[in-house]
Amino acid sequence: MKVATIVGARPQFVKAAPFSAALAAAGHEELLIHTGQHYDAGMSDVFFKELPIKAPSVNLEVGSGAAGWQVAEVLRRTEEVLVATKPDWVVVYGDTNSTLAGALVAAKLHVPVAHVEAGLRSFNRRMPEEINRVVADHLASLHFCPTDTALRNLADEGITRGVHRVGDVMYDSVRYHVAGATRNSGALKSMGLSRGSYYLATVHRAENTDAPDRLGGILAALGSARFPVILPIHPRTRKVIAQSAAKVPANVRMVEPLTYLDMLALMEGARMVLTDSGGVQKEAYWLGKPCVTLREE
């Protein structure tokens, strides 16, 4: 069986690693399509080097842009690949624009879709991710749900066929990698940190980065922390800070995007995590770290 998996953003590379390993172990052929939604080397290339995930079969090199343009470009370029390769299934992950575009183009070509991380809901249609995940679920033939709540969410929307609770592939990845990351990562040492002596923060969501006043308020709040705050900086966030001349408090250390293993090591050693990332929230919970969610809900 030939399976085309579509990834485009940092969290999807993490999710794809255990799933791709399972496909290979079962003897299935995988065509890994990288949309290029995240194209910065620190947000993309490094994951293919350090995780057990093969290099992309195809890189569409879409890049960043307005949501409508990005979805359209992923649709157009993915369609060309799927028509040429004729996969038996298309697998999409999570809730990014690549997820939406991949599910749409596969459904239009009558290729069955499997959605990993199906059934998650915020019930806030102002979030672009909510639109992406709802549409992907209603186009999918197979729904791989992480929790019972996700199953109930789908049932409430009339989706009861092809629904399976399989657990969370991000949890699989954390369990597999955390010991080695803690043992082998030199991130804490290179930053002069000791366990429990710092907070770890991430800010990337559009509702925060597209509102300079809100981003400034978040930075000011981080500045009131009793400990140093390590802030791996998303390219979008760095751009907004530069354009708005937002003040970065002295105790906030902006660093380049971290590899997955370095991020795990820093999270495992942190006193607290502050984030607007759904994935980081879950990882903090699994690692037993207090987590403050930098969102309205």
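What you see is a predicted model, and the numbers here were worked out from it, not measured in a lab.

Caption draft 1: Up close: the overall build of the protein. The number of helices and strands found in the protein is 13 helices and 12 strands. Over its C-alpha trace the protein gives a radius of gyration of 19 Å, about what one expects of a compact globule, namely 19 Å for 297 residues. Over its C-alpha atoms, taken along the principal directions, the protein stretches across nearly 55 × 40 × 35 Å. Put simply, the protein has 297 residues, and 51% of those count as buried. Taking all contacts inside the protein whose residues are at least 6 apart in sequence as the whole, residues at least 24 apart take part in 66%. If you sum the accessible surface of the protein, you get close to 13,600 Å²; carbon and sulfur atoms cover 54% of it.

Caption draft 2: Quick peek at the side chain of Glu-130. Examined against the element boundaries, Glu-130 turns out to sit in helix α5 (residues 128–139). What Glu-130 contacts, discounting residues up to four positions off in sequence, is Leu-120, Arg-121, Ser-122, Phe-123, Asn-124 and Arg-125.

Caption draft 3: Expanded view of the packing of helix α12 (residues 260–269) against helix α13 (residues 278–286). Running from N to C, α12 and α13 cross one another at 50°; their axes reach a closest spacing of 10 Å. It follows from the interaxial angle that α12 and α13 lie oblique. In terms of crossing hand, the pair formed by α12 and α13 is right-handed. For the pair α12 and α13, the contacting residues are Tyr-260, Met-263 and Met-267 in the first and Val-280, Glu-283 and Ala-284 in the second.

Caption draft 4: The arrangement of the sheet that holds strand β8 (residues 199–202) in detail. An order of β10-β9-β8-β11-β12 is seen for the five strands of this open sheet, with the pairing classed as parallel. In this open sheet, the two edge strands, each paired with only one partner strand, are β10 (252–255) and β12 (291–293). Here the average twist between neighbouring strands, direction ignored, is 20°. Sheet analysis places β8 next to strand β11 (residues 272–275), joined by four bridges and oriented parallel. Paired with Thr-202 across the strands is Thr-275, a residue of β11. Against the sheet, α12 contacts β8, β9 (229–232) and β11, and its axis sits at roughly 135° relative to β8.

Caption draft 5: Expanded view of α13. The complete set of buried residues in α13 reads Gly-279, Val-280, Glu-283 and Ala-284. Looking straight down α13, one finds that the buried residues subtend no more than 135° of arc, so they occupy a single side. Against α7 (169–184), β8, α12, β11 and β12 lie the buried residues of α13.

Caption draft 6: Looking closely at the nonpolar core. Within the largest apolar cluster, 40 residues are counted, with the highest numbers of intra-cluster contacts made by Ile-230, Leu-266 and Met-267. Counting only elements with at least two residues in this core, the list comes to β1 (2–7), α1 (10–25), β4 (89–93), β5 (113–116), α7, α8 (187–190), α12 and α13. Discounting residues that sit within four places of it in the chain, Leu-266 has contacts with Ala-187, Leu-188, Met-191, Leu-193, Tyr-198, Leu-200, Ile-230 and Leu-258. Within the second largest apolar cluster, 21 residues are counted, among which are Val-62, Val-90, Leu-100 and Ala-140.

Caption draft 7: Structural view of unusual backbone geometry. Positive phi outside glycine occurs at Glu-61, with the angle close to 55°. Note that Glu-61 resides in the loop between β3 (58–59) and α3 (67–85).

Caption draft 8: Layout of the pairing of β11. Note that β11 and β12 share three bridges and pair parallel. In the strand pairing of β12, Thr-275 is matched with Thr-293. Running through α13, the crossover from β11 to the neighbouring parallel element β12 is right-handed.

Caption draft 9: The arrangement of the pairing of β4 in detail. Most of β4 is tucked away, with four of its five residues classed as buried. As judged from the four bridges shared by β1 and β4, these two strands associate in the parallel manner. Pairing of Ile-6 across the sheet is with Val-92, part of β4. As for the winding sense of the linkage, the β-α-β connection from β4 through helix α4 (residues 97–108) to β5 is right-handed.

Caption draft 10: Spatial organisation of helix α6 (residues 148–156). Within α6, burial applies to Ala-150, Asn-153 and Leu-154. Down the axis of α6, the sector holding all buried residues measures 95°, keeping them to one side. The inward-facing, buried residues of α6 abut α5, β6 (142–145) and β7 (163–165). Of the residues one or two after α6, Gly-158 is the one with positive phi, at around 85°.

Caption draft 11: The arrangement of the packing of aromatic side chains in detail. Here the structure, examined in full by the defined rule, presents four aromatic pairs. Each ring, one from Tyr-171 and one from Trp-286, has its centre 5.1 Å from the other, and the planes form 45°; the classification is tilted. Of the two residues, Tyr-171 is situated in helix α7 and Trp-286 in helix α13; the sequence distance between them amounts to 115 residues. We classify Tyr-171 as partly exposed; its relative accessible area is 34%. Residue Trp-286 is classed as partly exposed on the basis of its relative accessible area, which comes to 24%. Here the aromatic rings of Tyr-199 and Phe-227 are separated by 5.6 Å at their centres, their planes lie at 55°, and the arrangement is tilted. Here Phe-227 lies in the loop between α10 (212–223) and β9 and Tyr-199 lies in strand β8, a separation of 28 residues in the sequence. The exposure class of Phe-227 is buried, given its relative accessible area of 18%.

The rules behind the values
Residues numbered from 1 in each chain as written. Predicted model: local features only at pLDDT ≥ 70, side-chain atom pairs only at ≥ 80, totals over all residues. Heavy atoms only, no water. Helix = DSSP H or I, 4+ residues; strand = E, 2+ residues; numbered from the N terminus. Rg over C-alpha atoms; globule rule 2.2 N^0.38 Å. Buried < 20%, exposed > 50% of the residue type's maximum accessible area, 1.4 Å probe, protein only. Contact = heavy atoms within 4.5 Å. Areas by Shrake-Rupley, 256 points an atom, 1.4 Å probe, with all protein chains shown as cover. Axes fitted to C-alpha atoms, helices over the stretch in contact; angles between N-to-C directions. Parallel < 35°, antiparallel > 145°, perpendicular 65-115°, else oblique. Left-handed = near helix turned anticlockwise from the far one by under 90°. Pairing = 2+ DSSP bridges. Arc of directions from axis to C-beta. Core = buried A, V, L, I, M, F, W, Y, C linked by side-chain atoms within 4.5 Å. Right-handed = clockwise from strand over helix to strand, strands pointing away. Phe/Tyr/Trp six-rings, centres within 6.5 Å; stacked < 30°, edge-to-face > 60°.

Structural measurements only, silent on function.
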